[in-house]
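# Topology and contacts: notes
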Amino acid sequence: MPSPFRPTVFAWFLLSAVGLGACAGRAGKDPTGGADPAGAIETQPAPFSPTAPPPSTPEIENRSPYASSRGAIFDAAWRTVGEKHYDKALGGVDWNAAKEKYRNLALGAPDEPTFYRVMNDLLGELRQSHLFITGPGDENPLDALEKDNSTSAGGDPGNPGIVIRDIEGKPTITRVRPGSSAARAGMRPGFIVTNLGGRPLTAHHPRRTLRPIEQRFYLRRTADRLLQGPAGSRITIRYIDNADRPAEATLTRDAPTGKVVRFGNLPALYPEFRADQAGDIGIIAFDFFMMGDLLDQITTTIDKHRVAKTPGLILDLRGNPGGMAAMAISIASRLVSKKTSLGTMQFRDHENHFVATTSLDVKPYTGKVVILTDEGSASTSEILAAGLQEAKRATVVGGMTLGAALPSAIEQLPGGAILQYVIADFRTPAGVLLEGRGVQPDRIVIESRRALQEGHDPVLETALDLIRARKDNVRK
Amino acid sequence: MNIRNITAIAIALSLFAPVGTANAAERTPDDILRDYEKASGGTNPWKKRKAVRIRQVVSLRGMNLQGAGETIQTKGGAFLVVQELPVVGKLTKASNGKVIWSQDKINGLRILEGNEADQARLESMWQADLRLRTVYPTRKIAPSETTAEECVELATKGSPPIVRCFDKQTHLATTMKGTAVSPQGETPYLVKFLDYALQDGIMLSRRQEVSAGPAMLDIRLEGIEWDPKLNPSIFKLPKVK
């Protein structure tokens, strides 16, 4: 007892808490990461050395009130990534040279947004998702725009209840939450959004070259960020309705429908959960992987379908950017009858296996499982979808996923900066690296404006057809 | 003289060197562990005790996340370890002296077997640190990183070896290194024992820094209660509905 300490908890803590960062877009502002092919260094890399003397940095005068912290923030971020990134070679990037390249630029930035932009350019040298830094004084143009379009209602963050995505190359409303302010204002799926909060929506990142799927994600994410604001505040939307007439409306941001979750350094989250039924087929949708109440809601619903012996269950992970990575194990364990690998998380000096397994207190659901995905499905969504797909336990239906599946951690640095950094990579049981590739659905469904206008959800309908077809086959 | 000859002579000399006389200061693993037992208070403070409850505060460094820990051990061989983090939930490991079990939101309720069970038993047994010489059949000197420490590698047939290091002056534990076994694999960890103080006749580390992979935990001792009133059902495998 002189050392009242139990090491067995570590793996659990590590898996649950650190895997938390395995999400695209919630903690960081730019979920597509810092990939910037134009910025790639082609020099021969020198090994990273945290003890190497820093490159000489002239003292730079700066009027920003935060400027005195910049050196400490830069060095802490550079060191943290160098010491904790899962790949000791940092993908061949010469990290010492990157420091030389960016430190003076960062310290001499005219303001904090520029400082953090340069810092993110430093992280972008690694060309991976889940690398991001922000801090006091940082404010990107989207934030400013949101403020312009909001009343200062304060309080909980809200949104008007619509999802805007790239359909046939145009920003299109794909979902309207029943009973929301958007529904009351007459918004319908199929409307093309020409202007949101005073700006047009684009799929093109101002500074980075994105993969096509990242462009679609970027548009969706930009719209999502503009739609979010203090509950009760308003945003103007200009659109082309389903009769192709231009129109304008002012939407009020509704209070969040989900229960607030506060976890460490993360901003308050309001994960949404929906449990629906189409005939005898269950549908579970949630927009973030977060343990606690949300996990209880999901597992309770799966158990209900197990008891009711429903023929099929649909997990709708469209637009779900990830979250706590270990939650993929919890959910998958309720869907498999035998030990099933979902993949391997490779850390710097060890690996963790994501194994869904039977346990004494869980009886698995044995009906058909279909997982719905789109360009907004990332990280933990991809881990769950790919693992169950490879194990032939689930059929994946919809669109390609984002391909942003690097487990990360979020850490507070000196000066109040918040750094998200990569701590592992993830491979499926077949050895497929999900980062940059995503999950290829078994059934790709192309969504059209026409289908949305007619009130269809072609992805969901394909999933229902698949389950019903199997049910009919079993009856025959 | 070539390298092969030098090696051969070295081997020959080593064969004739009497054990223990090469270095007068050389100590056996059991010497080190015996000193540790003595430095930490020995068995006397435990003699009249039947159970202990230890409460801890657990913080995940850099994430502004804090949880609670509790460990209960009994002389009869039962134990209960509970760790809880906000949102993540509760992890329980326990044994009634016969069955070792675990329950958490990731892996569910399980009866532990093999290496995992062996590790849980070794960590949580009554007077665990005073019984290192008896519960680990294999004990050997391990290299230490500083001259101020001496280290011992401890191993059983069942679980991965651990390396315990001790301060040469105080003989108190300084670090512990090993791998934690779980269904997700083996996670390497390093514990630093800090801030020793005498309490109820026992030298206790009141703060521990734990690094596991990229994560850093701070574990702070909050309180110790001797012979608490315990309901024996807390150690039993929960009934499945």
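Residues numbered from 1 in each chain as written. Chains lettered and ligands numbered in written order. Predicted model: local features only at pLDDT ≥ 70, side-chain atom pairs only at ≥ 80, totals over all residues. Heavy atoms only, no water.

Now for the packing of aromatic side chains. By the definition in use, this model includes 7 aromatic pairs over all chains. Here the aromatic rings of Tyr36 of chain B and Phe166 of chain B are separated by 4.8 Å at their centres, their planes lie at 45°, and the arrangement is tilted. Linking Tyr36 of chain B in helix α2 (residues 29–39) with Phe166 of chain B in strand β9 (residues 162–167), this pair joins segments that are 130 residues apart in sequence. Judged by relative accessible area, which is 0%, Tyr36 of chain B ranks as buried. Given a relative accessible area of 0%, Phe166 of chain B falls into the buried group. Joined through ring pairs, the aromatic side chains of Trp46, Trp126 and Trp226 of chain B make up one cluster. Positioned above the aromatic ring of Trp78 of chain A, the side-chain terminus of Lys99 of chain A is 4.0 Å from the ring centre. (Phe/Tyr/Trp six-rings, centres within 6.5 Å; stacked < 30°, edge-to-face > 60°. Helix = DSSP H or I, 4+ residues; strand = E, 2+ residues; numbered from the N terminus. Buried < 20%, exposed > 50% of the residue type's maximum accessible area, 1.4 Å probe, protein only. Lys NZ or Arg CZ within 6 Å of the ring centre and 35° of its normal.)

Before going further, it helps to spend a moment on helix α8 (residues 293–308) of chain A. An α-helical turn contains 3.6 residues, so a residue and the one three or four places further along point in the same direction. Residue and element names in this part refer to chain A. Here α8 contains 16 residues, and its C-alpha end-to-end distance of 22 Å stays within 8% of the 22 Å for a straight helix at 1.5 Å per residue. What α8 keeps buried is the set Leu294, Leu295, Ile298, Thr299, Thr301, Ile302 and His305. Within α8, the buried residues cover an arc of 160° as seen down the axis, which keeps them to one side. Exposed residues lying more than 90 degrees from the buried face of α8 are Lys304, Val307 and Ala308. Residues of α8 that are buried in the fold lie against β9 (273–278), β10 (281–286), β11 (312–316) and α9 (327–333). Following α8 by one or two positions, Lys309 has its phi on the positive side, about 55°. (Expected span 1.5 Å × (residues − 1). Arc of directions from axis to C-beta. Contact = heavy atoms within 4.5 Å.)

For the rest of this paragraph, the subject is helix α3 (residues 114–124) of chain B. Of all 11 residues that make up α3 of chain B, 8 are buried, and the element is covered over most of its length. Those residues of α3 of chain B not exposed but buried are Glu116, Ala117, Asp118, Gln119, Ala120, Leu122, Glu123 and Ser124 of chain B.

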